[in-house]
Amino acid sequence: MNDTSIGTVFLENVLGNVKNACELANIPVEIYEFLKRPKRIIIVSIPLRARDGSLKNFIGYRVQHSDALGPYKGGIRYYPTVDLDEVTALAMLMTYKCAALSLPFGGAKGGVACDPRKLSLEDLERITRRYTYMISSVIGPYVDIPAPDVYTDARVMAWIMDTYSQLVGRQVPEVVTGKPVYLGGCEGREEATGYGTFITVREACKLLGIPLKGARVAIQGFGNVGRHAALHLSSFGAKVVAVSDSKGAIYRKEGLNVEKLIEHKKATGEVRGFQDSTPIDGDELLGLEVDVLIPAALEGVINKEVAERVRAKIVAEGANGPTTIEGNKVLQEKGVFIVPDILANAGGVTTSYLEWIQNLQREHWPREKVLSTLEEKMVKAFNDAVETHRRIEAGMRDAVMVLAVSRVALAIQTLGIWP
Ligand code: NAD
């Protein structure tokens, strides 16, 4: 393992949070030791004959952390820097995310170290199908159900479904979620994570007595999560005053017109240059005086130094692992209300669950039914977390972790060890 990778630091952060939760919940050390290691790790080699005739070899991972509460569930990420520690950390987060939302799933994650932006569609399909073939014996609708993550999408999920279906000789849409709607995908899946983030922000505002109408919001990242969170927040009267993407950030005191900004980003490929907005530094966005800050882009951005500059009352983590342990400590000392990642961005996996049950029953729900069921589950999880936060007198990150780890630990203790 590479000691200095972002993945290694991320894994240490996740393990630190789990250990802390075990101590707070009086969970025996032996259970922490059990949870520290995934149940199964698969590393596969993915050879690809390039167009110029040369042979390339990609590395792929599937980490199955825990199936104590149900079949493994988790996305597949295609990214050049994907490594085992990062995939392991993400698999662990999935276990606790599903537990926090009371979903009947365990946690897993997959990844292929490649850069889809530099691959032809044809090569991407071949990599996906070979990767699926290599992990096909350990996935399945009641075993492990993959989903999209960074740089994988509905088309990649369709290839996974088709490869698995060809191998077993029948159509198995329920082997993967996040498919195109016309191939068994779920209405509303695309907006689900950002919508879920919006629900948790709405509930947090309610709890803290901050009117949502007029609440000032800054969002780092204007991709799937950031864009949809922004849309729902602005449609309920919140003022999205700043957003950023990988190319830069913009600010408008009176609030940005989110719908028009989406069109602008689609047309130009960036948020900069949007009408009536002022360009600002991406880093400056994190320290703006706002009611709500939503990091919805990268891991580890709110470190100690950034946390010291944060002036938001609420930080809702749209991204996975955006706050380091040191950053979290500073935010907590400053009294910032944190909606941690495993709660704030759980809308995606919750909708994946809804897709899975629709597929198993060969049903198709309308968007309204999907979003109202999602809302119900997000609100319940938020209230469960707040109840734990008050009971154990700890911050929300610890509270959600205590809630989730306790559920997994109880299952492990009840099931015992066999054989
Ligand atoms: P995405 O690729 O659609 O969007 C990412 C956005 O971040 C893009 O707008 C990109 O330009 C921006 N970005 C990249 N580097 C940046 C930087 N330095 N500063 C500011 N912005 C930057 O990805 P996504 O699906 O929205 O995922 C974002 C995060 O949310 C990831 O951590 C992902 O794991 C997490 N997440 C996503 C989902 C989902 O359903 N999409 C579910 C759960 C968690």
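Since the structure is predicted, the reported quantities are computational estimates derived from the model, not experimental observations.

Here's the deal with the overall build of the protein chain
A count of helical and extended segments in the protein chain gives 15 helices and 12 strands. The C-alpha radius of gyration computed for the protein chain amounts to 21 Å, which stays within 12% of the reference 22 Å derived for 419 residues, consistent with globular compactness. Reported as C-alpha extents along the three principal axes, the dimensions of the protein chain are approximately 55 × 55 × 45 Å. Among the 419 residues that make up the protein chain, the fraction classed as buried is 61%. In the protein chain, once contacts between residues fewer than 6 apart in sequence are set aside, the share between residues at least 24 apart is 68%. Surface accessibility of the protein chain: about 17900 Å² in total, with carbon and sulfur atoms responsible for 52%. One way to put it: in the protein chain the 50 positive side-chain charges average out to a point 2 Å from where the 50 negative ones average out.

With respect to the sheet that holds strand β6 (residues 216-220)
In spatial order, the strands read β9-β8-β7-β6-β10-β11-β12; together these 7 strands make up an open sheet with mixed pairing. The outermost strands of the open sheet, each flanked by one partner alone, are β9 (278-280) and β12 (337-339). With direction set aside, neighbouring strand axes in the sheet form an average angle of 20°. Two strands pair when backbone bridges link them, and strand β11 (residues 314-316) and β12 are joined in this way by 3 bridges, in the parallel orientation. Pairing of Ala-316 across the sheet is with Val-339, part of β12.

Details of helix α13 (residues 347-360)
Structurally, the α-helix is built with 3.6 residues per turn, so residues lying three or four positions apart point the same way. Taking 1.5 Å per residue as the helical rise, α13 with its 14 residues ought to reach 20 Å, and the 20 Å between its terminal C-alpha atoms agrees with that figure. Counting buried positions over the 14 residues of α13 gives 13, a clear majority of the element. Taken from the residues just after α13, Arg-362 is the one with a positive phi, measuring 50°.

Remarks on the nonpolar core
Formed by 89 residues in total, the largest nonpolar core has its most connected members in Tyr-96, Val-243, Ile-294, Val-339, Leu-343 and Val-405. At 10 residues, the largest contribution of residues to this core is made by helix α15 (residues 396-415). Those residues in contact with Leu-343 that sit more than four places away from it in its chain are Leu-101, Thr-200, Met-378, Ala-381, Phe-382, Ala-385, Met-396 and Val-400. Membership of the second largest hydrophobic core comes to 25 residues, among which are Ile-42, Cys-114, Leu-119 and Tyr-164.

A closer look at the sheet that holds strand β2 (residues 55-66)
Reading across the sheet, the 5 strands line up as β1-β2-β4-β3-β5 and stay open at both edges, with mixed pairing between neighbours. One side of each edge strand has no neighbouring strand; the edge strands of this open sheet are β1 (40-49) and β5 (144-148). The average undirected angle you get between the axes of adjacent strands in this sheet is 20°. In the sheet, β1 pairs with β2 via 10 bridges, with the strands oriented antiparallel.

Some points on the site of the ligand
The environment of the ligand is formed by 20 residues, the closest being Thr-193, Asn-224, Val-225, Ser-246 and Asn-320. A distance of 3.4 Å separates an oxygen atom of the ligand from a polar backbone atom of Gly-318. Protein coverage of the free-state accessible area of the ligand, which is 820 Å², stands at 76%. Secondary structure elements with two or more residues in the shell around the ligand: α6 (189-208), α7 (224-235) and β7 (239-245). Classifying every residue of the shell around the ligand by side-chain character gives 6 nonpolar, 10 polar and 4 charged.

Some words on the domain arrangement of the protein chain
The assigned domain composition of the protein chain is domain 1 (39-172) and domain 2 (190-344). Using C-alpha coordinates to define each centre, domain 1 is positioned 29 Å away from domain 2. In this assembly, domain 1 packs against domain 2 so that about 580 Å² is buried in total across both faces, 54% of it on carbon and sulfur atoms. Counting the surface domain 1 buries against domain 2, the share from its top three residues, Leu-93, Lys-97 and Leu-101, is 56%. Across the contact surface, domain 1 and domain 2 share 1 salt bridge.

Examining the pairing of strand β3 (residues 72-78)
Extensive coverage of β3 is indicated by the burial of 7 of its 7 residues. Summarising the sheet, β3 and strand β4 (residues 107-112) pair through 3 bridges and their orientation is parallel. Note that in β4 the partner of Tyr-78 across the bridge is Val-112. Running through helix α3 (residues 84-100), the crossover from β3 to the neighbouring parallel element β4 is right-handed.

Regarding unusual backbone geometry
Here the bond from Trp-418 into Pro-419 is cis, since omega is -5°, no more than 30 degrees from zero. Locating Pro-419 in the fold gives a position in the segment after α15. Of note in this structure, Tyr-151 is not a glycine but carries a positive phi near 60°. Looking at the secondary structure, you find Tyr-151 in the loop between β5 and α5 (154-168). The phi dihedral of Asp-276 is positive, around 60°, even though this residue is not glycine. Here Asp-276 is to be found in the loop between α8 (258-268) and β9. Overall, Asp-276 belongs to the exposed group, its relative accessible area being 59%.

Topic: a nonpolar patch on the surface
A cluster of nonpolar residues, Tyr-133, Met-134, Leu-167 and Val-168, forms a patch on the protein surface that exposes about 340 Å² of accessible area. Mapped onto the elements of the fold, Met-134 is located in helix α4 (residues 121-135). Classification of Met-134 as partly exposed rests on a relative accessible area of 32%.

The rules behind the values
Residues numbered from 1 in each chain as written. Predicted model: local features only at pLDDT ≥ 70, side-chain atom pairs only at ≥ 80, totals over all residues. Heavy atoms only, no water. Helix = DSSP H or I, 4+ residues; strand = E, 2+ residues; numbered from the N terminus. Rg over C-alpha atoms; globule rule 2.2 N^0.38 Å. Buried < 20%, exposed > 50% of the residue type's maximum accessible area, 1.4 Å probe, protein only. Contact = heavy atoms within 4.5 Å. Areas by Shrake-Rupley, 256 points an atom, 1.4 Å probe, with all protein chains shown as cover. Lys, Arg positive; Asp, Glu negative; His and termini not counted. Charge placed at Lys NZ, Arg CZ, Asp CG, Glu CD. Pairing = 2+ DSSP bridges. Axes fitted to C-alpha atoms, helices over the stretch in contact; angles between N-to-C directions. Expected span 1.5 Å × (residues − 1). Core = buried A, V, L, I, M, F, W, Y, C linked by side-chain atoms within 4.5 Å. Near = heavy atom within 4 Å. Polar contact = N/O pair within 3.5 Å; in protein donor to acceptor, adjacent residues only side chain to side chain. Nonpolar A, V, L, I, M, F, W, Y, C, P; charged D, E, K, R; others polar. Domains from an automatic or database assignment. Buried area = accessible area lost by both parts, 1.4 Å probe. Salt bridge = Lys/Arg side-chain N within 4 Å of Asp/Glu carboxyl O. Right-handed = clockwise from strand over helix to strand, strands pointing away. Patch = residues over 30% accessible without salt bridge, like charges linked within 9 Å, V, L, I, M, F, W, Y side chains within 5 Å.

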